[in-house]
Amino acid sequence: MGNARVGLALSDPELTFAHPAGNIHVAGDYFFAIDEVLNVIEDEHVDHVIVGLPLQMDGTEGKSAKKARRWAANLEKRLQAESEDSDSTEYQIPQVSLIDERLTTVSAHRQLFEAHKASNKHRPVVDQQSAVVILQTALDRTREQ
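Notes on the structure follow. (Residues numbered from 1 in each chain as written. Predicted model: local features only at pLDDT ≥ 70, side-chain atom pairs only at ≥ 80, totals over all residues. Heavy atoms only, no water.)

Right, let's get into the layout of surface pockets. In this structure, the largest pocket encloses a volume near 1200 Å³. Contributing to the lining of the largest pocket are 43 residues, with Gly 7, Ala 9, Ile 50, Val 51 and Ala 131 lying nearest its centre. If one sorts the elements of the lining of the largest pocket by residue count, helix H4 (residues 123-144) sits on top with 8 residues. A per-class count over the lining of the largest pocket returns 22 nonpolar, 13 polar and 8 charged. (1 Å grid on protein atoms, 1.4 Å probe; cavity = no way out; pocket = protein on both sides within 12 Å on 5 of 7 lines; lining within 4 Å. Points joined across faces, edges and corners; volume = space filled by probe spheres on them. Helix = DSSP H or I, 4+ residues; strand = E, 2+ residues; numbered from the N terminus. Nonpolar A, V, L, I, M, F, W, Y, C, P; charged D, E, K, R; others polar.)

Mapped onto the fold, Glu 101 is located in the loop between strand S4 (95-100) and helix H3 (104-114). Of the side chains with opposite charge, Arg 102 lies nearest to the buried Glu 101, which makes no salt bridge, at 9.4 Å. For Glu 101, the residues in contact, after removing those within four places along its chain, are Gly 52, Leu 53, Pro 54 and Ile 134. (Buried < 20%, exposed > 50% of the residue type's maximum accessible area, 1.4 Å probe, protein only. Lys, Arg positive; Asp, Glu negative; His and termini not counted. Salt bridge = Lys/Arg side-chain N within 4 Å of Asp/Glu carboxyl O. Contact = heavy atoms within 4.5 Å.)

Here we take up the nonpolar core. Counting residues in hydrophobic clusters, the biggest one holds 19 residues, and the most contacted among them are Ile 24, Val 37, Ile 41, Val 49, Trp 71, Leu 75 and Val 96. The set of elements that each furnish at least two residues to this core consists of strand S1 (5-11), helix H1 (32-44), strand S3 (48-53) and helix H2 (63-85). Top element by residues in this core is H1. It accounts for 5 residues. Setting aside anything within four residues of it in sequence, one finds Val 96 in contact with Val 49, Val 51, Ala 72, Leu 75, Glu 76 and Leu 79. (Core = buried A, V, L, I, M, F, W, Y, C linked by side-chain atoms within 4.5 Å.)

Right, let's get into the packing of H1 against H2. Put simply, H1 and H2 touch, their axes get as near as 10 Å, and they point 50° apart. The angle between H1 and H2 falls in the class oblique. The crossing of H1 and H2 is right-handed. Along the contact surface, H1 presents Ala 33, Ile 34, Asp 35, Val 37, Leu 38 and Ile 41, while H2 presents Trp 71, Asn 74, Leu 75, Arg 78, Leu 79 and Glu 82. Of the residues contributing to the contact of H1 with H2, the split by class is 8 nonpolar, 1 polar and 3 charged. (Axes fitted to C-alpha atoms, helices over the stretch in contact; angles between N-to-C directions. Parallel < 35°, antiparallel > 145°, perpendicular 65-115°, else oblique. Left-handed = near helix turned anticlockwise from the far one by under 90°.)

This part covers H2. Given a rise of 1.5 Å per residue, 23 residues ought to cover 33 Å, and the 33 Å separating the end C-alpha atoms of H2 matches this to within 8%. Those residues of H2 not exposed but buried are Ala 65, Lys 67, Ala 68, Trp 71, Ala 72, Leu 75, Leu 79 and Ser 83. As for H2, its buried residues are in contact with H1, S3 and S4. (Expected span 1.5 Å × (residues − 1).)

Evaluated as defined, the whole model comprises 4 salt bridges. Here Arg 78 makes a salt bridge to Asp 35, at a shortest N to O gap of 2.8 Å. Of this pair, Arg 78 sits in helix H2 while Asp 35 sits in helix H1, and the two are 43 residues apart along the sequence. On the basis of relative accessibility, which here comes to 32%, the residue Arg 78 falls in the partly exposed class. Judged by its relative accessible area of 34%, Asp 35 is partly exposed. Between Asp 100 and Arg 102 there is a salt bridge, and its shortest N-O distance comes to 2.5 Å.

Right, dumping it as structure tokens:
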């Protein structure tokens, strides 16, 4: 949950690879992003949403992690409301999960550097690349289970 933008990533249908899907610019109002995420969920037929949980380095939850939990809970409420308002009996409420996102920005910067993206060009794409790292971690963990 960035203060300026929220990065998005989607997976392939086989749930093997994550790929960047853009950013949502939130200008400090991260709850605005819920409306945009709901649009992506509907447009892309998403059945599972992964939200990064920014834990502190010692694993405890600070202010940012609490904000991410509130955001995920609000997203779940909106998804439930969408389900109740839906005319379709086949509407499946997407599952919302939180995943530890410590060091994902570092990983994203490293991946962009290795892809020969100049560091001054990282800023516009680092949030979506971080989202790719978070989603790919979740996909890999699912396959390992």
